[in-house]
Amino acid sequence: MGATHLPATEFDGTGVDDQLEAEAEAVLGEPPTRMVQLLGPDGTLGEDPVFSAYARRLDADKLRGFYADMAAIRRFDQEATALQRQGQLALWVPLTGQEAAQIGSGRASQPQDYIFPTYREHGVALTRNVDLAELLRQFRGVSNGGWNPKETNFHLYTLVLAAQTPHAVGYAMGIQRDQKLAAANATPGQPQEPKAAVMVYFGDGASSEGDVHESMVFASSYNAPVVFFCQNNHWAISVPSTVQTRVPLADRAKGYGFPGIRVDGNDVIAVHAVTEWALERAREGKSPVLIEAFTYRVGAHTTADDPTKYRGSDEEALWRAKDPLERLEKYLRVEGLADDAFFAKVKADGDELAAYVRKTTHDLETPDIRTAFANTYAEAHPLVAEELAWFEEYSAGFADEAHADEADTDGVANR
Amino acid sequence: MTTMTIAKAINEGLRATLSNNPRTLLMGEDIGPLGGVYRVTDGLFGEFGADRVVDTPLAESGIIGTAIGLALSGYLPVCEIQFDGFVFPGFNQITTQLAKMHARSNGNLTVPVVIRIPYGGGIGSIEHHSESPEALFAHTAGLRIITPSNPHDAYWMIQQAVDCQDPVIVFEPKRRYWLKGDVDTETPGASADPFKAHVLREGTDATVVAYGPLVPVALAAANAAAEDGHSVEVIDLRSISPIDFDTVTDSVKKTGRLIVAHEAPTFGGIGGEIAARVSERAFLSLEAPVIRVGGFHMPYPVAKVEEDYLPDIDRILEALDRALAY
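On a predicted model such as this, the values are computed, not experimentally measured, just so you know.

1. Brief notes about the overall build of chain A
Helix and strand counts for chain A come out as 19 helices and eight strands. Dimensions along the principal axes, computed over C-alpha positions, put chain A at roughly 95 × 75 × 65 Å. A buried classification covers 41% of the 415 residues belonging to chain A. Across chain A, the fraction of contacts at a sequence separation of at least 24, relative to all contacts at a separation of at least 6, is 77%.

Here is the structure:
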């Protein structure tokens with residue numbers, strides 16, 4: 001080996017000159033990543049050189065709307081958790097703590113935009129007018145996708161983490177082609193369809209999946225009109241975000257050649273501003289954008305999880321103090337934009353929503369397995385037809401037995 | 001009627017679908033100016049441009065994943081996977097997303113994505129370039145899988161795959177890319193239904209079912225058997241999912257003996273599926289057990305020994321001998 005053997009210091013670092021190292025870092029080191037924040041935890045509105053302009057577009061109605069949405073989805077979350085505890089849902093995926101990230105970004109989208117969620121985006125679903133009771137179908141085990149995405153431009157939940165990120169880029173590539181085609185066929189003076197973009201949600205855990213990398217490469221290569229919205233809620237079930245990344249996730253965008261921006265995910269005004277900026281940028285074909293919403297999953301990963309096994313209550317308390325609803329409530333009250341009557345109405349509306357969801361969940365119809373036969377393929381399929389025919393015959397055998405039982409008991413025992 | 005190779009027939013089929021439907025687009029690695037490593041997309045980039053013949057980043061999951069998104073937005077993507085053994089980075093997208101989207105959406109969404117995969121061995125290549133992974137996909141409900149064995153089918157099946165509302169994987173027999181044959185570009189004729197098996201040669205003593213690259217081998221084996229006085233029927237399966245069991249069963253009811261030949265390992269393969277179905281449907285017609293001829297239960301071996309691995313005429317004849325001995 002001899003000559004090819006490098007000195008040990010190359011590997012263990014013991015020979016590194018600390019002074020030189022510090023000087024190198026001073027030259028090479030990036031400035032620490034900035035986090036955009038407008039509304040602080042104490043409820044005071046700060047200034048941002050870029051995004052305050054976006055925040056100023058918001059009138060009192062919009063701000064009250066944000067609060068009402070966040071309160072509604074938190075109430076819904078509590079109700080769904082209760083329904084799971086009562087055995088009405090197989091599982092629930094709580095979002096509490098992430099309301100600002102979801103409502104702020106969802107409300108920044110336009111109807112013509114198409115949204116790909118992961119599976120915790122109940123708040124975004126609300127902003128896209130998905131019937132929240134329908135959303136529970138998946139968790140009640142009566143559907144694997146409870147709504148028609150074509151009606152809301154809100155795609156189905158995707159459970160294989162990050163698998164939806166290339167779908168979003170592909171959809172954006174489709175929009176790109178649509179827009180080129182429309183521009184080529186446009187008649188002067190005729191109004192154009194509004195430009196659209198795609199927004200795709202994923203988390204700090206999913207950011208480690210290869211599909212996120214591949215999507216960002218594709219998005220960058222084709223300059224696809226897509227916004228990557230990463231909710232860094234700090235925990236991928238039990239594994240902290242520090243295991244997923246050693247740098248702020250927003251910084252990864254640099255490697256792909258498009259802007260990455262970290263925003264206080266508990267500040268609905270900042271999230272809205274940043275997302276509006278990003279979506280406008282994407283719609284105009286300037287570039288994809290990665291947004292990292294710095295937030296926290298206050299509750300469990302799912303109702304099957306036990307956070308006390310992997311994190312301290314002090315950490316949870318720290319984040320509860322940054323609550324997205326409380327800070328907006330403070331702001332609205334101090335600025336005189338909302339009064340007790342407004343907050344009482346929000347609470348009443350939330351209770352009404354909860355009652356609706358509870359009732360509708362109980363009524364959600366269990367599908368017939370024949371619908372699964374029907375929906376496996378879009379076109380006729382001989383094997384599906386053969387197995388369905390067998391199933392019908394097999395089932396009919398039980399129907400005969402049932403009739404026979406009734407006959408045996410002279411119709412006394414009705415099952 | 002024009003004579004052309006399978007590769008050229010697919011090229012012409014793709015050209016036809018790109019011309020007929022503005023929402024069709026091709027995507028894959030090196031399919032643009034190069035025309036693909038097998039030149040199957042030769043000339044199409046120049047003709048239809050970079051938006052419709054898309055050279056993608058080198059990422060199979062990204063190719064399939066973005067194709068799904070394009071399909072959701074109303075386009076008809078045809079993806080090229082460069083080699084059979086390189087489909088696996090895209091396996092997750094194919095099996096958990098592409099195959100399930102229609103069912104997941106309760107029928108509201110369709111994802112008419114086509115995936116072209118050159119497959120099979122016999123080309124003296126390095127690892128991952130000679131595999132036959134069709135059974136892994138056939139096991140996944142929601143996908144359709146077809147494989148042409150001649151230029152006429154190749155020309156029509158790629159277009160039929162694009163027209164299908166379901167996702168379709170087209171396994172292309174790469175060692176037969178240069179096989180020539182007549183193509184009727186006016187009408188598909190007997191090839192109108194890509195999911196139907198074709199009886200290529202009628203016989204009375206035994207049936208050999210093959211598909212893709214082994215179809216010429218099966219025909220040659222039938223010719224050799226004829227010299228020994230055995231009348232062998234040969235079926236080109238054409239569709240691996242769904243399988244046209246009616247055509248296969250009808251043949252077995254006539255001949256009483258069945259050999260299924262494919263390059264893929266026999267264990268857990270398409271041959272086993274056919275054997276099981278035929279034994280259910282034509283048990284009393286069988287004069288002998290169904291015999292499978294296929295690859296061994298090992299990773300595809302090195303090129304220098306692949307001839308010992310791949311089913312050939314003699315392996316099919318040996319199986320016929322065993323079946324006829326009952």
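2. Section: the overall build of chain B
Helix and strand counts for chain B stand at twelve helices and 14 strands. Rg of the C-alpha trace for chain B: 19 Å, near the compact-globule value of 20 Å for 326 residues, within the 12% margin. For chain B, restricting intrachain contacts to residue pairs at least 6 apart in sequence, the fraction spanning at least 24 positions comes to 80%.

3. Digging into the sheet that holds strand S4 (residues 226–232) of chain A
An order of S1-S7-S8-S4-S3-S2 (chain A) is seen for the six strands of this open sheet, with the pairing classed as parallel. Each edge of the open sheet carries a strand with a single partner, namely strand S1 (35–36) and strand S2 (114–116) of chain A.

4. Details of the interface of chain B and chain A
Counting residues at the interface gives 34 residues for chain B, matched by 37 residues for chain A. Elements with a minimum of two residues in the side of chain B that touches chain A: helix H3 (60–72), helix H4 (91–98) and helix H5 (101–104) of chain B. Considering each element in turn, the side of chain B that touches chain A owes the most residues, nine residues, to H3 of chain B. Considering only residue class, the side of chain B that touches chain A consists of twelve nonpolar, 19 polar and three charged.

5. Here's the deal with unusual backbone geometry
Peptide bonds are, in most cases, trans, and in most cases residues other than glycine have a negative phi. Residue and element names in this part refer to chain B. Cis geometry marks the peptide bond from Ser241 to Pro242; its omega dihedral reads 0°. Locating Pro242 in the fold gives a position in the loop between strand S12 (239–241) and helix H9 (245–255). In this structure, Asp30 is a non-glycine residue whose phi angle is positive, near 65°. With respect to the element layout, Asp30 can be found in the loop between strand S2 (24–28) and helix H2 (44–48). Its 16 C-beta neighbours within 10 Å are what place Asp30 among the partly exposed residues. A positive phi angle, close to 75°, is found at His128, a residue other than glycine.

6. With respect to the packing of helix H1 (residues 6–20) of chain B against helix H7 (residues 151–163) of chain B
Residues and elements named next belong to chain B. Direction vectors running N to C along H1 and H7 enclose 30°, while the axes themselves pass 8 Å from each other. In terms of crossing hand, the pair formed by H1 and H7 is right-handed. Contacts between H1 and H7 involve Ile6, Ala9, Ile10, Glu12, Gly13, Leu14, Ala16 and Thr17 on the former and, on the latter, Pro151, Ala154, Tyr155, Trp156, Ile158, Gln159 and Val162. Here the residues of the contact of H1 with H7 are counted per class, giving eleven nonpolar, three polar and one charged.

7. A closer look at the nonpolar core
The biggest cluster of nonpolar side chains holds 197 residues, and the ones touching the most others in it are Val226 and Ile291 of chain A together with Val208 and Ile259 of chain B. Setting aside its immediate chain neighbours within four residues, Val208 of chain B contacts Ala218, Ala221, Ala222, Val232, Val234, Ile259, Ala261 and Ile316 of chain B.

8. Focus on the environment of Asp250 of chain B
Locating Asp250 of chain B in the fold gives a position in helix H9. Taking the C-alpha atoms as reference points, Asp250 of chain B and Arg281 of chain B, 31 residues apart in sequence, are found 9.6 Å from one another.

9. Considering the environment of Leu286 of chain B
Residues and elements named next belong to chain B. Relative to the assigned elements, Leu286 resides in the loop between helix H10 (270–281) and strand S14 (291–295). Note: C-alpha distance between Leu286 and Gly36 (250 residues apart in sequence) is 45 Å. The contact partners of Leu286, leaving out residues within four places of it in the chain, are Val252, Gly256 and Ser279.

10. Thoughts on the packing of helix H4 (residues 60–85) of chain A against helix H17 (residues 340–363) of chain A
Residue and element names in this part refer to chain A. In the contact formed by H4 and H17, the axes pass within 9 Å of each other and the chain directions differ by 35°. Remark: the crossing between H4 and H17 carries right-handed chirality. Between H4 and H17, the contacting residues are Arg64, Tyr67, Ala68, Ala71, Ala72, Arg75, Phe76, Glu79 and Leu83 on the first element and Phe342, Val346, Asp349, Gly350, Leu353, Ala354, Val357, Arg358 and Thr361 on the second. Along the lines of polarity and charge, the residues of the contact of H4 with H17 split into eleven nonpolar, two polar and five charged.

11. Focus on the confidence of the model for chain B
Mean pLDDT over chain B stands at 98; residues scoring 70 or higher make up 100%. Scored as a complex, the prediction yields pTM 0.94 and ipTM 0.97.

12. Re the confidence of the model for chain A
A low pLDDT score tells you not to read the predicted coordinates there in detail. Residue and element names in this part refer to chain A. Scored by pLDDT, chain A comes out at a mean of 91, with 92% of its residues at no less than 70. pLDDT under 50 marks residues 1–12. Its contacts with residues more than four places away, or in other chains, come to two contacts. Taken together, the stretch residues 411–415 has pLDDT below 50 and engages in two contacts with residues farther than four places along the chain or on a different chain.

13. A few points about the sheet that holds strand S4 (residues 76–80) of chain B
Residue and element names in this part refer to chain B. Pairing within the open sheet is mixed, and its seven strands lie in the order S3-S2-S4-S5-S7-S6-S12. Bordering the open sheet on either side are strand S3 (53–55) and S12, each of which pairs with just one other strand. The average undirected angle you get between the axes of adjacent strands in this sheet is 20°. Taken strand by strand, H7 contacts S2, S4, strand S5 (114–119), strand S6 (144–146) and strand S7 (168–173), and its axis lies near 165° from that of S7.

14. A look at H3 of chain B
All names here are of chain B. Compared with an ideal rise of 1.5 Å per residue, which puts 13 residues at 18 Å, H3 spans 18 Å between its outermost C-alpha atoms and is within 8% of the ideal. Among the 13 residues of H3, 13 are classified as buried, and the element is accordingly described as predominantly covered. Looking one or two residues past H3, Gly74 carries a phi angle of roughly 100°, positive in sign.

15. Details of the environment of Gly141 of chain A
Here Gly141 of chain A is to be found in the loop between helix H8 (137–140) and helix H9 (149–152). Residue class for Gly141 of chain A comes out partly exposed when judged on the 13 C-beta atoms lying within 10 Å of it.

Basis of the calculations
Here the residue index of a chain counts from 1 through its sequence in written order. Chains and ligands are labelled sequentially in the order written, the chains with letters from A and the ligands with numbers from 1. Reporting of local features is limited, given that this is a predicted model, to residues whose pLDDT is at least 70; pairs of side-chain atoms are given and counted only at 80 or more, and all residues count toward the totals for whole chains, interfaces and linings. A run of H or I in DSSP counts as a helix once it spans at least four residues, and a run of E counts as a strand once it spans at least two, with each numbered from the N terminus. Between the buried cut of 20 or more and the exposed cut of 12 or fewer other C-beta atoms within 10 Å of a residue's own C-beta lies the partly exposed class, and all C-beta atoms are placed from the backbone. Residue pairs qualify as contacts under a 7 Å threshold applied to their C-beta atoms, which are placed from the backbone. In this treatment the radius of gyration is a C-alpha quantity, and the globule benchmark scales as 2.2 Å times the residue count to the 0.38 power. By definition, two strands form a pair when at least two bridges between them are found by DSSP. The classification used treats Ala, Val, Leu, Ile, Met, Phe, Trp, Tyr, Cys and Pro as nonpolar, Asp, Glu, Lys and Arg as charged, and all other residues, Gly among them, as polar. Orientation is described by axes fitted as lines to C-alpha atoms, over the contacting stretch for helices, and by angles from 0 to 180 degrees between their N-to-C directions. Here a crossing is taken to be left-handed if its near helix is turned anticlockwise relative to the far helix by less than a right angle, and right-handed if that turn runs clockwise. Among buried residues, those of type Ala, Val, Leu, Ile, Met, Phe, Trp, Tyr and Cys that are joined through C-beta atoms within 7 Å form a set called a nonpolar core. For every residue, the predictor reports its confidence as pLDDT, a number between 0 and 100. Residue count minus one, scaled by 1.5 Å, sets the expected span of a helix.

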